[in-house]
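# Chain and residue survey
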Amino acid sequence: MVKVKIIGATGYGGIGLIELLTQHPEAQITALVAREEVGKRISDVYPHLDGFCDLPILDAADPRAQEAPANVVVFSTPDRVGMYEAEKILETGAKVLDFSGDFRFTSQEAYADYAIRHGKDPVHAAPQLLGKNAYGLAELHREAIRKAEVVGNPGCFACSCILGLSPAAKAAWFDPMSVICDCKTGVSGAGKKLAATFHYPARYENMNAYKMAGHQHVCEVERELSLQYGEPVRITFTAHVLPICRGIMSTLYAQLKTPMTEEDAVAYYRTFYKDSPFVRVYGSKAPIGSNCVARTNFCDLVVSVDTRVNRLRVVSYIDNLMKGQAGSALQNINLMTGLPETLGLMRSGMYP
């Protein structure tokens, strides 16, 4: 039985992972740690968990939290939390999975680029662990995740864009300076913390672009696509928030170097992802939308070619709280602990 301790258990990422772990046949939650709601049962804060998970929420200094056994410690916390604690956890023999940007990058230079875009201190607090960590996008780094003691869960937009464009980047189909990522997310992508712009009157029937001067997930997307392509790929990235709860739709464009048909593009994408159970590839006539992936760990890719202008167009759908967060986290936990990658995750959405 894999033992999991969750730090930052009361946020959307933490609660999403709790929901999945309660249904996992080979996992046990040993402690829930948070800064808020300490002393309450998690099911007092989230009543839908009543009878499924009734563990108390512990302060980080509580001996019960510190002494709880764990094979994996999950940090569902903001940036610059996990990096200060990871070394101590590794000394206990546990592995670390971090939801923030702390361990998404394998060098101090790459981390600094991300941190500056995100308005954070560019100096990493645990540089000795960089290079020993793995980027937690299983479809591209499955073997590295299996071997790593520290894994950085991918960002939600990054997950959507990277999965949508990696096959084309690997084949070097497009001009590496021509990529456009036009991405839309539900309000839950902003997390649980209150903000005036996410109050109902400000959000209802309102959609807007944000962080146009530079979104932090651009670093992840450009790095991963460049690794696939073999030379630098640069993107124009625009994030939009819509008045819906959850889901990401990323419409991705790239100028093709040579003409190709949609049929050939779809066939190649399906071959690329033939060993990736959570990626489904469709042609442009498939009736795919965000509801198809809601509350699942799937990424649905609709692949098409605009032959009139010789441009690749991929629409990538994920649930931002699942494949974009807790679902990818459980996929990584399975890999890190030697369990089948799909365990506890292979479920369809629900209709309507």
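Being a predicted model, the structure only gives us computed values, none of them experimental.

### Focus: the packing of aromatic side chains
All chains considered together, the criterion is met by 10 aromatic pairs. With 6.1 Å between their ring centres and 50 degrees between their planes, Tyr111 and Tyr114 make a pair best called tilted. Residue Tyr111 and its partner Tyr114 are located together in helix α5 (residues 108–117), separated by 3 residues, close to a single helical turn. The class for Tyr111 is buried, based on a relative accessible area of 1%. Relative accessible area serves as the criterion here: at 1%, Tyr114 is assigned to the buried category. On the numbers, 5.1 Å between centres and 50 degrees between planes, the contact of Trp173 with Tyr268 is tilted. Of this pair, Trp173 sits in the loop between α7 (156–170) and β8 (179–185) while Tyr268 sits in helix α10 (residues 262–272), placing them 95 residues apart in sequence. Assessed through its relative accessible area of 28%, Tyr268 is described here as partly exposed. A cation over a ring is seen here: Arg223 above Tyr135, with NZ or CZ 4.4 Å from the ring centre.

### Comments concerning α5
Among the residues of α5, Tyr111, Ala112, Tyr114 and Ala115 are the ones counted as buried. Down the axis, α5 shows its buried residues gathered within 165 degrees of arc, on one side only. Within α5, the exposed residues directed more than 90 degrees away from the buried face are Glu109 and Ile116. At its buried positions, α5 is contacted by α4 (82–91) and α9 (218–229). Among the residues trailing α5, Gly119 stands out with phi positive, at a value near 70 degrees.

### Structural notes on the sheet that holds strand β6 (residues 134–135)
Pairing is parallel across the open sheet formed by 7 strands, whose spatial order is β3-β2-β1-β4-β5-β7-β6. Looking at strand neighbours, the two that pair on one side only are β3 (57–58) and β6, the edges of this open sheet. Of the pairings in the sheet, the one linking strand β2 (residues 27–33) to β3 comprises 2 bridges and is parallel in character. Its bridge partner being in β3, Leu32 is matched across the sheet by Ile57. Packing against the sheet, helix α11 (residues 322–336) makes contact with β1 (2–7), β4 (72–75), β5 (95–98) and β7 (150–152), and its axis sits at approximately 165 degrees to β5.

### Concerning the pairing of strand β11 (residues 248–255)
As judged from the 6 bridges shared by β8 and β11, these two strands associate in the antiparallel manner. Across the sheet, residue Thr185 finds its bridge partner in β11, namely Ile248. Sheet topology places β11 next to strand β14 (residues 311–318); 8 bridges connect them, and they run antiparallel. Note that in β14 the partner of Ile248 across the bridge is Ile318.

### Side note on the sheet that holds strand β12 (residues 279–282)
The 7 strands lie next to each other as β9-β10-β8-β11-β14-β13-β12, forming an open sheet whose pairing is mixed. Strands with a single pairing partner mark the edges of an open sheet, and in this sheet they are β9 (208–210) and β12. Strand after strand, the sheet turns through a mean of 20 degrees between neighbouring axes, direction not considered. Relative to strand β13 (residues 299–306), β12 is paired through 4 bridges, and the arrangement is parallel. In the strand pairing of β13, Tyr282 is matched with Val302. Where α10 meets the sheet, it contacts β12, β13 and β14, and its direction lies at approximately 150 degrees from that of β13.

### Details of the nonpolar core
Membership of the largest hydrophobic core comes to 44 residues, with the highest contact counts inside it found for Cys181, Ile235, Phe237, Tyr269, Val303 and Leu312. Per-element accounting of this core gives the leading share, 10 residues, to α7. Non-local contacts of Tyr269, meaning those with residues more than four positions away in its chain, are made with Gly164, Leu165, Pro167, Ala168, Trp173, Val281, Leu301, Val303, Leu312 and Val314. Counting residues in hydrophobic clusters, the runner-up holds 42 residues, among them Ile6, Ala27, Ile29 and Leu32.

### Focus on the environment of Pro69
Its place among the elements puts Pro69 in the loop between α3 (63–67) and β4. With a relative accessible area of 46%, Pro69 lands in the partly exposed category. Between the alpha carbons of Pro69 and Tyr84 there is a distance of 20 Å; along the sequence they are 15 residues apart. Beyond its immediate chain neighbours, meaning those up to four positions away, Pro69 contacts Lys3 and Thr30.

Conventions we followed
- Residues numbered from 1 in each chain as written.
- Predicted model: local features only at pLDDT ≥ 70, side-chain atom pairs only at ≥ 80, totals over all residues.
- Heavy atoms only, no water.
- Phe/Tyr/Trp six-rings, centres within 6.5 Å; stacked < 30°, edge-to-face > 60°.
- Helix = DSSP H or I, 4+ residues; strand = E, 2+ residues; numbered from the N terminus.
- Buried < 20%, exposed > 50% of the residue type's maximum accessible area, 1.4 Å probe, protein only.
- Lys NZ or Arg CZ within 6 Å of the ring centre and 35° of its normal.
- Arc of directions from axis to C-beta.
- Contact = heavy atoms within 4.5 Å.
- Pairing = 2+ DSSP bridges.
- Axes fitted to C-alpha atoms, helices over the stretch in contact; angles between N-to-C directions.
- Core = buried A, V, L, I, M, F, W, Y, C linked by side-chain atoms within 4.5 Å.

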